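# Structure assessment
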Amino acid sequence: MVIFNGEAISPQIISYSDLERGFFYGEGGFETIRSIHGKIPLWPFHYERISETCRYLNLSLPPELETTSLIEAYAAQIVPLKIQQARLRFSYWRKKGVGRLPISKEINFLLE
C-alpha cells in the first residue's frame, strides 16, 4: 500500500504521466522520513524543508501535510509487522503543465 494524493491505494494503480511538468523539468522534491514505532519524531524539520522547496518552486502544499497525522497513519501500518523503525519516502512534484510555463501550483504526492 502507498498513499497517493492522500488516498491509500495499491502501487499498481497509480496513474500519472512522466510528461507532466514536474517530471520533465524536475519541479518537485523528495524527503526520506524516519518512523519509530509508527511516530515521526522529526516531522517539524521535514515539514520545514518540504515547505521551503514548495515556496521556492511556487507550489501549494496540501493541508493534510500540516500535521503528522497522514504520515503517522501510514507508518502505523508498519508496526504490526514487528518493524520498529522504517524509512518512508515522500515524493512530490508539480501536477499540471507541459511546456515552458507552469500552469498550476498543485502537487501530486506519493508516500511509500
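See the structure above.
Structure report, in brief. (Residues numbered from 1 in each chain as written. Predicted model: local features only at pLDDT ≥ 70, side-chain atom pairs only at ≥ 80, totals over all residues. Heavy atoms only, no water.)

## Here we look at the overall build of the protein chain
A count of helices and strands for the protein chain gives three helices and five strands. In sequence order, the protein chain lays out its α and β elements as β-β-α-β-α-α-β-β. Overall, the protein chain is about 45 × 30 × 20 Å in size when its C-alpha atoms are taken along their principal axes. The buried share of the protein chain, reckoned over its 112 residues, is 38%. Looking at the protein chain alone, contacts between residues at least 24 apart form 63% of all its contacts between residues at least 6 apart. (Helix = DSSP H or I, 4+ residues; strand = E, 2+ residues; numbered from the N terminus. Buried < 20%, exposed > 50% of the residue type's maximum accessible area, 1.4 Å probe, protein only. Contact = heavy atoms within 4.5 Å.)

## Description of the sheet that holds strand β5 (residues 107-111)
Picture the strands of a sheet paired through backbone hydrogen bonds; they go either parallel or antiparallel. Read from one edge of the open sheet, five strands run β2-β1-β5-β4-β3, paired in antiparallel fashion. Each edge of the open sheet carries a strand with a single partner, namely β2 (7-9) and β3 (28-36). Strand after strand, the sheet turns through a mean of 20° between neighbouring axes, direction not considered. With two bridges joining them, strand β1 (residues 2-4) and β5 adopt antiparallel strand pairing. Bridge pairing in β5 places isoleucine 3 opposite leucine 111. Here helix α2 (residues 43-57) sits on the sheet in contact with β3 and β4 (85-94), set at roughly 175° to β3. (Pairing = 2+ DSSP bridges. Axes fitted to C-alpha atoms, helices over the stretch in contact; angles between N-to-C directions.)

## Considering the side chain of glutamate 72
Residue position: glutamate 72 is located in helix α3 (residues 69-76). The side chain of glutamate 72 is buried and forms no salt bridge, while lysine 39, the nearest opposite charge, is found at 4.0 Å. A distance of 3.2 Å separates a polar atom in the side chain of glutamate 72 from the backbone nitrogen of isoleucine 40. Setting aside anything within four residues of it in sequence, one finds glutamate 72 in contact with Gly38, Lys39 and Ile40. (Lys, Arg positive; Asp, Glu negative; His and termini not counted. Salt bridge = Lys/Arg side-chain N within 4 Å of Asp/Glu carboxyl O. Polar contact = N/O pair within 3.5 Å; in protein donor to acceptor, adjacent residues only side chain to side chain.)

## A few points about the environment of glycine 22
Note that glycine 22 resides in helix α1 (residues 21-24). For glycine 22 and lysine 96, which are 74 residues apart along the polypeptide, the C-alpha to C-alpha distance reads 7.6 Å. Excluding residues that lie within four positions of it along the chain, glycine 22 makes contacts with Glu27, Trp93 and Arg94.

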